[in-house]
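Read off the chains here:
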Amino acid sequence: MTISAEVIEGLVLCRVGVDRLAVQAQEVTAFELPHPGAPYAGVGFEPGALAPLDGKSLRHHHTSLVVDSVEVHAERLKLLAVPPVLRLAWGGALSGFVETGGLLWPVLSLERFAAHTVRPEAAS
């Protein structure tokens with residue numbers, strides 16, 4: 001039995017220290033300088049983790065995520081499924097994995113991450 005993988009095109013490959021993650025390019029509405037209080041993908045998404053001043057902020061509408069560096073990857077890649085044990089990782093924001101450059105990159109949905117991190121008082 002063959003399971004077909006979804007093919008995605010247009011990723012933003014992000015480095016966070018020695019770690020990496022990817023975001024689908026169509027989910028990024030802007031690239032900005034980080035602002036105080038923006039969530040930082042480093043240190044395991046720990047609340048209160050300070051983003052570096054030279055970081056890059058990926059904005060998805062009203063939510064942002066700060067990473068250390070970004071690189072745009074335009075090639076089509078197979079999106080590998082999220083293993084059941086990781087389905088709730090990062091608040092359910094893990095969309096799958098892609099392989100590029102001989103490395104496996106977790107793909108984070110900024111939309112689902114934003115839904116998980118936006119507090120009701122911040123949404124008003």
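Refer to the preceding data block for the structure.
Trainee: Before we go on, may I ask you to explain the pattern of salt bridges in this structure?
Mentor: Opposite charge on two side chains allows them to pair when their charged atoms are near. If you walk through the whole model with that rule in mind, you get two salt bridges. The residue Arg76 makes a salt bridge to Glu9 at a minimum N-O spacing of 3.7 Å. Of the two residues, Arg76 is situated in strand 6 (residues 69–79) and Glu9 in strand 1 (residues 6–16); the sequence distance between them amounts to 67 residues. Note on Glu9: relative accessible area 49%, which makes it partly exposed.

Trainee: It is not clear to me how the environment of Ala93 should be interpreted in this structure. Could you clarify?
Mentor: One can find Ala93 in the loop between strand 6 and strand 7 (94–100). Residue Ala93 is classed as buried on the basis of its relative accessible area, which comes to 0%. Residues Ala93 and Glu111 lie 18 residues apart in sequence; the distance between their C-alpha atoms is 7.8 Å. If we ignore the near neighbours within four places in the chain, the residues touching Ala93 are Val107, Leu108, Ser109, Arg112 and Phe113.

Trainee: Is there a simple way to explain the pairing of strand 5 (residues 63–67) in this structure?
Mentor: With five of five residues buried, strand 5 lies mostly within the body of the structure. Judged by which residues are buried, strand 5 turns out to be covered on both faces: Thr63, Leu65 and Val67 on one side and Ser64 and Val66 on the other are all buried. As paired elements, strand 4 (residues 56–60) and strand 5 share five bridges and run antiparallel to each other. The residue bridging Leu58 from the neighbouring strand is Leu65, located in strand 5. Linking strand 4 to strand 5, which pair antiparallel, is a turn of two residues; within it His61 sits at a positive phi near 55 degrees.

Trainee: I tried to follow the packing of aromatic side chains on my own but got confused; where do I start?
Mentor: Within a pair of aromatic rings, the relevant descriptors are the distance that separates the centres and the angle that separates the planes. Tallying each qualifying case throughout the model produces zero aromatic pairs. Across from the ring centre of Trp105, 5.8 Å away, lies the NZ or CZ of Arg20, which sits over that ring.

Trainee: Quick question: what am I supposed to make of the nonpolar core here?
Mentor: One recurring pattern in soluble globular proteins: nonpolar side chains tend to sit buried together. Residues Leu21, Val23, Leu108 and Leu110 are the most contacted members of the largest nonpolar core, which totals 18 residues. With sequence-adjacent residues up to four places away left out, Val23 is seen in contact with Gly10, Leu11, Val12, Val28, Leu58, Leu108 and Leu110. In this structure, Leu11, Leu77, Val98 and Trp105 belong to the second largest nonpolar core, which totals nine residues.

Procedures and definitions
Residues numbered from 1 in each chain as written. Predicted model: local features only at pLDDT ≥ 70, side-chain atom pairs only at ≥ 80, totals over all residues. Heavy atoms only, no water. Salt bridge = Lys/Arg side-chain N within 4 Å of Asp/Glu carboxyl O. Helix = DSSP H or I, 4+ residues; strand = E, 2+ residues; numbered from the N terminus. Buried < 20%, exposed > 50% of the residue type's maximum accessible area, 1.4 Å probe, protein only. Contact = heavy atoms within 4.5 Å. Pairing = 2+ DSSP bridges. Phe/Tyr/Trp six-rings, centres within 6.5 Å; stacked < 30°, edge-to-face > 60°. Lys NZ or Arg CZ within 6 Å of the ring centre and 35° of its normal. Core = buried A, V, L, I, M, F, W, Y, C linked by side-chain atoms within 4.5 Å.

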